[in-house]
Amino acid sequence: MNPIKPSLLAALLTAAFLVNAGAVAAPVQDHPSSKYVPPLSNVPMNQIVQQQLYPQLEYLFDKMVSEQGKVTLDGVEVLKSNDKFLQGKIATGLAHVLLNMRKDDPRLPERLRQFRAIADMTIGMDNQTWGIHYYLTALARLKQAGLLEQAISPATLATLRSKLDWRTFVTQPDFQLIRLPTNYYGVAFSIARLRMQLGWEDDSGSKILLDKMLEHYKTYSGKFGFSDETAGEGRFDRYSILLIAEICERFIESGMTVTPELKALLRKAADVTLNIANTSGDGFTFGRSLGPYGETAVLEILSVSAYLGVLTPEEKQYAYAYSNRIVAKYMDFWYNPAIRSVDMWNGGRRTDTYRAKHRILGENFSLAHQLIFTTEFWNKAGMENARPKADLQRWLDKTQPRFNTVWFAQGEYDRALAIYRDKRHSFSLLMVNGGASQFDNSPYYPLPFATGIIAGTPDSGAGHPQLLPKFKLADGTELLGTSYIKNIRSESKGNKARVSYRQDELAKLGGKAPAPDSRIKLETTYTMEPGVIVRLDTYTPTAPLQVARASLEFASFSDKPSLQGKKVRFASGDVTAFEVEGLDSCEVEETRGAEPFRSPAGAMKTHVSCETKNFTFAKPLTIKWTLRYRQ
């Protein structure tokens, strides 16, 4: 084993300091391989929620009652965490406890009194956008259950009526969002409809916001039906697929009829979700804000699809089996009993800044809310307490294509997702542009992401670009092939699939957004067949260049490596071997849980780095990597 490089040593010392300082809490379960099966996968979803999830909400309810304004969860003083959605998430999470109790439950009057006290205690908290939506959802459901007046004091309800308003982030009279992405029109629309249900306003605002929401979706989803997260930069991720399900949910909760046009778009999202389905309960593996949210996105899409009759009867049975495994995985893998909380931050796990640990209480409530309302959809779709199908893998092998290309956009640049299935594995080859703030982060790289095999690191930057060659020129410029993908071509025959594309410009690093640099052109070909993935890159300079360093890195969940030349073999893990051609030398090292090599679901264990230094780049250069994995 080669010694740890100096660049990694600093990160390791930092990690060691955090452990000694007590910042890293109880250990969590290691990253699951594709062989992982959630222990509760055969227990009906509704029973998992009732027997496993609701006790967690009861615990948090009691904790808020006993600790009042000094609630602490895994070392975080949660009410002082500056979480702008927390007030609403508290209301929704605790309201679920009230709504799950029978009207004759002798504990209900005391729980209502406690909820009332917590609402009074938290009334001064800042609460924005999604937090407003969460709080109004709780109020509307409490009203429907006949509990609102007992759960909220008149003075607090009057204050909430004034504060919980879509006008806090939408201008009047022109209905423009205030420094927010356009998908927030959906949040504003839902808030307006919920206020109407509470008798706080008429339907005039919601009608305009509905038009704005649908206009946004039409403008940024194009002919393929998946929404760009940006105003045309080409950032597509799990939210691009999820958004149509959220729009349908807004219609349902508002008492409106979901149109055939929306159902058709929802069907496209359901197709993608079924195509990535697996027996481990894993969800989307690409883009930002993953962890359990990569899986609850699947739950939302499939549950509302089942409820609206978008799935066939057979699809509904197996979509439920897949969804059931996601819920089972949440309680086994994402929930950490040592800290009585969802855990996205300890034991080598890492989130982006948006979901940092200061939001720990809100994450518990929002995830519980998603699990509960998606379970309710499944219950209403006829699956309450249904035993999930046990032959999910057989059905997936029979019905889902081995290879599929999902188009997001075509034009000056192509944007698409290629899905390759190999027994238990589902690979998602993402070909988009992360756009401003995300283009250099590895969850948006054009890589075939798959659980236990290839993962990105949230907010990674390009310091250690996962599986993409990086060029550092003699003038200091750093270039990476991330953003300017053209001419995507794909084909498959038998068990083998091939995807190719070109980039006439590489992305110049160092800025918030990518900048095109045309000094190097790139042609890329992926070949995928059972147990093997090959990426072949041909880089061509438009004129001779002095290159200080060309490099390639791979952070792997596999461990016990041995290096022979430029081939690494692993004795443990899903990846069995990794080989590089076209660069001069390679090194391998243990990561020891260092921050640059942590993924949402756990730490990569081995870091491979290859390079060629100080050369004149005057003719095409081919760089190839081959990854072999256990089926």
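First, a word on scope: everything that follows refers to the structure included in this document. Numbers given to residues run from 1 along each chain, matching the order in which its sequence is written. A pLDDT threshold of at least 70 governs which residues receive local features in this predicted model, and a stricter bar of 80 or more applies before side-chain atom pairs are shown or counted, although totals over entire chains, interfaces and linings include all residues. Calculation of side-chain values draws on the structure's entire complement of heavy atoms; hydrogens and water are dropped beforehand.

Glancing now at the overall build of the protein chain. Secondary structure is summarised from DSSP: a helix means a run of H or I of at least four residues, a strand means a run of E of at least two, and numbering begins at the N terminus for each. Within the protein chain one finds 15 helices and 25 strands. A globule of 631 residues ought to have a C-alpha radius of gyration of about 25 Å, and the protein chain, at 25 Å, matches this closely. By principal-axis analysis of the C-alpha atoms, the protein chain measures approximately 75 × 50 × 50 Å. In the protein chain, of all internal contacts separated by at least 6 residues, the share reaching a separation of at least 24 is 70%. For accessible areas, the Shrake-Rupley method is used with a probe of radius 1.4 Å. Any residue's cover is judged against the shown protein chains and nothing else. Here the protein chain displays about 23600 Å² of accessible surface, and carbon together with sulfur accounts for 50% of that area. Charge convention: Lys and Arg are scored as positive, Asp and Glu as negative, and His as well as the terminal groups of each chain are ignored. Charge positions come from single atoms, namely NZ of Lys, CZ of Arg, CG of Asp or CD of Glu. Positive and negative side-chain charges in the protein chain, numbering 77 and 67 respectively, have mean positions lying 2 Å apart. The globule rule is 2.2 Å times the number of residues to the power 0.38, and the radius of gyration it is compared with is taken over C-alpha atoms. Note on contacts: a residue pair qualifies if any of its non-hydrogen atoms lie within 4.5 Å across the two residues.

This next bit is on unusual backbone geometry. With omega at 5°, the peptide bond leading from Gln172 into Pro173 counts as cis. Within the secondary structure, Pro173 sits in the loop between α7 (154-163) and α8 (184-197). Despite not being glycine, Lys423 has its phi angle at roughly 55°, a positive value. Residue placement: Lys423 occurs in the loop between β6 (415-422) and β7 (425-431).

Take the pairing of strand β25 (residues 621-629) next. Here strand β16 (residues 532-541) runs beside β25; their pairing, made up of 8 bridges, is antiparallel. Looking at the pairing, Tyr539 lines up with Leu621 of β25. Pairing of strand β20 (residues 575-581) with β25, which is carried by 6 bridges, proceeds in the antiparallel orientation. Residue pairing across strands places Val580 opposite Trp625, the latter belonging to β25. Being paired, for any two strands, means DSSP has found at least two bridges between them.

Right, let's get into the state of the cysteines. The disulfide criterion used throughout: a pair of cysteine sulfur atoms within 2.5 Å. What the rule picks out here adds up to 1 disulfide. Between the sulfur atoms of Cys586 and its disulfide partner Cys610 the distance amounts to 2.0 Å. Across the S-S bond linking Cys586 and Cys610, the dihedral sits near 105°, which makes this disulfide right-handed. Note that Cys586 is positioned in strand β21 (residues 585-590) and Cys610 in strand β24 (residues 606-617), a separation of 24 residues in sequence. A simple rule labels every residue: compare its accessible area, found with a 1.4 Å probe on the protein chains alone, to the largest value its type can have, and call it buried under 20%, exposed over 50%, or partly exposed in between. On the basis of relative accessibility, which here comes to 10%, the residue Cys586 falls in the buried class.

The next thing to look at is the sheet that holds strand β19 (residues 567-572). In space, the 8 strands of this open sheet follow the order β11-β12-β15-β16-β25-β20-β19-β18, with antiparallel pairing throughout. Here the strands that pair on one side only, and so sit at the sheet edges, are β11 (485-493) and β18 (559-564). Direction aside, neighbouring strands of the sheet carry axes that sit 10° apart on average. Pairing geometry for strand β15 (residues 520-529) and β16, over 10 bridges, is antiparallel. Paired with Thr527 across the two strands is Val534, which belongs to β16. Lines fitted to the C-alpha atoms define the axes, with helices restricted to the stretch that makes contact. Angles between their N-to-C directions range from 0 to 180 degrees.

A few words now on the packing of aromatic side chains. For Phe, Tyr and Trp, rings pair up if their centres lie within 6.5 Å, where Trp contributes its six-membered ring, and each pair is then called stacked (planes under 30 degrees apart), edge-to-face (over 60) or tilted (otherwise). Applying the stated criterion across every chain, the model contains 21 aromatic pairs. Centre to centre, the rings of Tyr526 and Trp625 are 6.1 Å apart; their planes meet at 75°, and the pair counts as edge-to-face. With a gap of 99 residues between them, Tyr526 in strand β15 and Trp625 in strand β25 connect regions that are remote in the sequence. Judged on exposure class, the residue Tyr526 and its partner Trp625 are both buried. By the ring-pair criterion, three or more aromatic residues cluster together here, those being Phe471, Tyr539, Phe615 and Phe617. Over the aromatic face of Phe333 sits the side chain of Arg349, whose NZ or CZ is 4.2 Å from the ring centroid. A ring is considered to have a charge above it if a Lys NZ or an Arg CZ atom is located within 6 Å of its centre and within 35 degrees of its normal. Lying over the aromatic face of Tyr293, Arg355 brings its terminal NZ or CZ to 3.6 Å of the ring centre.

Let's shift gears to the side chain of Thr279. In this structure, Thr279 sits in the loop between α11 (260-275) and α12 (293-307). On the basis of relative accessible area, Thr279 is assigned to the buried category, the value being 12%. In this structure Thr279 touches Tyr36, Val37, Pro38, Arg325, Leu392 and Gln393, once residues within four positions along its chain are discounted.

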